[in-house]
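# What the coordinates show
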Amino acid sequence: MIISIFMKVFIQDKLNRIPHLNDFLDNWNHEMKVGDQLECIAFTSQQEYARYKKRYPLGLGYIITVLVYIWHVMLPKMRMTRKLYFFITGPRHRTYSHTEVLGRICRAGFKIVHEENQHGYLHVVAVKRSAPLERNDSCVSPILRMKRVGKDGKLIEVYKFRTMHSYSQYLQDYVYEMNKLNHSGKLANDFRINIWGRILRPIWLDELPMLWNVFEGKMKWVGVRPLTEHFFSLYTPEMQMLRTKVKPGMLPPFYYEKKTPQGLDEIQASERRYIEAYLEKPFLTDWRYFWGTAFNILLKMKHSK
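Conventions used here
Residues numbered from 1 in each chain as written. Predicted model: local features only at pLDDT ≥ 70, side-chain atom pairs only at ≥ 80, totals over all residues. Heavy atoms only, no water. Phe/Tyr/Trp six-rings, centres within 6.5 Å; stacked < 30°, edge-to-face > 60°. Helix = DSSP H or I, 4+ residues; strand = E, 2+ residues; numbered from the N terminus. Buried < 20%, exposed > 50% of the residue type's maximum accessible area, 1.4 Å probe, protein only. Lys NZ or Arg CZ within 6 Å of the ring centre and 35° of its normal. Axes fitted to C-alpha atoms, helices over the stretch in contact; angles between N-to-C directions. Parallel < 35°, antiparallel > 145°, perpendicular 65-115°, else oblique. Contact = heavy atoms within 4.5 Å. Nonpolar A, V, L, I, M, F, W, Y, C, P; charged D, E, K, R; others polar. Core = buried A, V, L, I, M, F, W, Y, C linked by side-chain atoms within 4.5 Å. Salt bridge = Lys/Arg side-chain N within 4 Å of Asp/Glu carboxyl O.

## A word on the packing of aromatic side chains
Considering all chains together, one arrives at 9 aromatic pairs under this definition. Considering the side-chain rings of phenylalanine 43 and tyrosine 121, the 5.7 Å spacing of their centres and the 65° angle between planes classify their relative orientation as edge-to-face. With phenylalanine 43 in the loop between β3 (37-42) and α2 (45-55) and tyrosine 121 in strand β5 (residues 121-128), this pair connects stretches of sequence that are 78 residues apart. Each ring, one from tyrosine 167 and one from tyrosine 170, has its centre 6.0 Å from the other, and the planes form 35°; the classification is tilted. Across this residue pair, the class does not change: tyrosine 167 and tyrosine 170 are buried. The ring centre of tyrosine 121 lies 5.9 Å from the NZ or CZ of arginine 51, which sits over that ring. The cationic tip of lysine 220 hangs over the ring face of tyrosine 278; the distance from NZ or CZ to the ring centre is 4.3 Å.

Laid out in structure tokens, this is it:
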């Protein structure tokens, strides 16, 4: 049941029980004006797992949690098992992570203004800010195709293993507004990272699919990181112009420095030194940065965050 009062829409059914949720949210977006408020509730996978761990003995709780994750999270998102899953369970009992709930709402053209746990459920308040964004099937795929700013300011598709919950890419502005950046220039306290991401990211295994981008010629072995449009907008206009003169790379100058850059200003200074040197002597600069970075990673144990 849905109650609409003036400029507010309250969805009483849990989002988990609404079939074709993206279509549902898109339809409500079309019925609302910019600034109208949407309120909804959901039961997240994190809340579900917490109940299992509390209800069952320690070992059994973890086993049930893993089995539920495989059945309700992985199977409905894999092409080979998706139809079987929905044939058995139907579309009205989905399991969404905290990130996916917020991400689906943001993709539908809403901005999150408040969220909190109430009586064991996630309560979300959002306002319409635009039409629904284009859907991206890779947002639930193990390998992501992501838009990044490349040479000459053109957007390129970059490939990575998924290390965040589904629909996380639609929450970048939201997480930045909440937590800003950490000392390494990445989003601080990023709740979107999943358990696999905390394992793969520090050792760069999540970036292996970028090798295809190198072979395509859209990236280099060494170079500045390919940035999202949001992160690119945080750079100074001068650095934005300088960055678009070179292709992005897999091994960033961040790890070449003897003293690790702290914060966005130092990261920009580090990238400036690399780009200016590269524009003057391309081969020698990449050769020097490649072996310097390899030395710091392998012997000094510098790693990603």
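## Describing the packing of helix α11 (residues 263-280) against helix α12 (residues 282-298)
With their axes 5 Å apart at the nearest point, α11 and α12 run at an angle of 135° to one another. The angle between α11 and α12 falls in the class oblique. Residues Arg273, Tyr274, Ala277, Tyr278 and Glu280 of α11 pack against Pro282, Thr285, Asp286, Arg288 and Tyr289 of α12. The residue inventory of the contact of α11 with α12, partitioned by class, reads 5 nonpolar, 1 polar and 4 charged.

## Some thoughts on the nonpolar core
Within soluble globular proteins, side chains that are nonpolar tend to cluster in buried spots. Formed by 28 residues in total, the largest nonpolar core has its most connected members in Leu15, Ile105 and Ile112. Contributions of two or more residues to this core are made by β2 (8-11), α1 (21-31), β3, α5 (98-107), β4 (110-118), β5 and α6 (172-179). Not counting residues within four places of it along the chain, the set of residues in contact with leucine 15 comprises Leu21, Cys40, Ile41, Ala42, Tyr96, Val101 and Ile105. The next biggest cluster of nonpolar side chains, apart from the first, holds 17 residues, and it includes Phe232, Leu242, Val246 and Tyr274.

## Some points on the pattern of salt bridges
For the structure on display, the rule yields 12 salt bridges. Note that aspartate 286 is salt-bridged to lysine 220, the shortest N-O span being 3.0 Å. Residue aspartate 286 is located in helix α12, and its partner lysine 220 is located in strand β8 (residues 220-222); the two are separated by 66 residues in the primary sequence. Exposure class is identical for aspartate 286 and lysine 220. Each is buried. Between arginine 243 and glutamate 271 there is a salt bridge, with the nearest N and O atoms lying 2.9 Å from each other. Here arginine 243 is found in helix α10 (residues 237-243), whereas its partner glutamate 271 is found in helix α11, with 28 residues between them in sequence. Judged by relative accessible area, arginine 243 falls into the buried class, the value being 5%. The structure contains a network of salt bridges with shared partners spanning Arg145, Lys147 and Glu157.

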